[in-house]
Amino acid sequence: MSQTKSTAPPTASPTAPLTAPRGRFTRQRTGKRPPRKPREEAPWIPQTIIGKKVAAGEITSIEEILSKGLRIQEAGIVKKLLPDLKTEVIDVGIIQKMTPNGQSTRFKSLVAAGNQNGWLGIGMGKSKQMRIAIEKANNAAYLNVSPVKLGCGSWECRCSEKHSVPFKVKGKGGSVTIEILPGPRGLGLVAGGKIRNLLKMAGLKDAWTTAKGSTPTMGSTSKALMECFRQTFSQG
């Protein structure tokens, strides 16, 4: 009878590196992702009469549009007249609703646009995708940009610089009530985190604030804050 010899598979030496077999559709991971390309913004093409005048240079300031009571319907107008505006996402959330086909989910975002020099706008956007919701809110924030009157109304300071509000203002939005009091130079912004960011984007540097109600609801809080800024033009 012939005897068969069993041969054991060769074992790798302990010093040899362990390499995974590469297939046809596998690739080696280096741990570094390629840099993301910046998204190019499409050139602005004016569609309205005001937009065409702004593009032609007939209108050179946004104050001229607001003084005539005209309505801005294109975000490109604000971007051209106020090139130093910066946007910031304030709040994001999820909207869920029951429909006959099941539960539908959408995203909402709140974006603020300001130049830290007396201009601020807040917009909200909703969509099934977060990126589209932020883009809608960004566009709405540009369209809602309005001026903020700055000054120094503190009896402790009485300077001529525009670092606070000229007098005490109060605004209400939903269940939220916000009151802004002028503060002396060097005080800073005495407010919560998100409210402080909005005040800073509007151009305020020193102010006291009091807030009542459901302040985590940024929709109502932003409405109350914008009402405060409108009240700055109620006197003088």
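Everything quoted here is computed from the prediction, not taken from an experiment. (Residues numbered from 1 in each chain as written. Predicted model: local features only at pLDDT ≥ 70, side-chain atom pairs only at ≥ 80, totals over all residues. Heavy atoms only, no water.)

Visitor: Can you help me understand the sheet that holds strand S7 (residues 189-190) in this one?
Guide: If you walk across this open sheet you meet the 4 strands as S5-S6-S8-S7, and the pairing is mixed. One side of each edge strand has no neighbouring strand; the edge strands of this open sheet are strand S5 (169-173) and S7. One ladder, built from 6 bridges, connects strand S6 (residues 176-182) with strand S8 (residues 207-212); its direction is antiparallel. In the sheet register, Leu181 faces S8, and the bridge partner there is Trp208. Taken strand by strand, helix H6 (residues 218-231) contacts S5 and S6, and its axis lies near 145 degrees from that of S5. (Pairing = 2+ DSSP bridges. Helix = DSSP H or I, 4+ residues; strand = E, 2+ residues; numbered from the N terminus. Contact = heavy atoms within 4.5 Å. Axes fitted to C-alpha atoms, helices over the stretch in contact; angles between N-to-C directions.)

Visitor: Would you mind going over the pattern of salt bridges with me for this structure?
Guide: Close approach of charged atoms allows side chains of opposite charge to pair. A complete count under the given rule lists 6 salt bridges for this structure. In this structure, Lys194 and Asp91 form a salt bridge, with 3.5 Å as the shortest nitrogen-oxygen distance. Of this pair, Lys194 sits in helix H5 (residues 193-202) while Asp91 is found in strand S1 (residues 86-99), placing the two residues 103 residues apart along the sequence. Residue Lys194 is classed as partly exposed on the basis of its relative accessible area, which comes to 36%. Two residues, Glu179 and Lys168, come together in a salt bridge whose shortest N-O distance is 3.5 Å. One end of the pair, Glu179, is in strand S6; the other, Lys168, is in the loop between strand S4 (146-147) and S5, and 11 residues separate them in sequence. (Salt bridge = Lys/Arg side-chain N within 4 Å of Asp/Glu carboxyl O. Buried < 20%, exposed > 50% of the residue type's maximum accessible area, 1.4 Å probe, protein only.)

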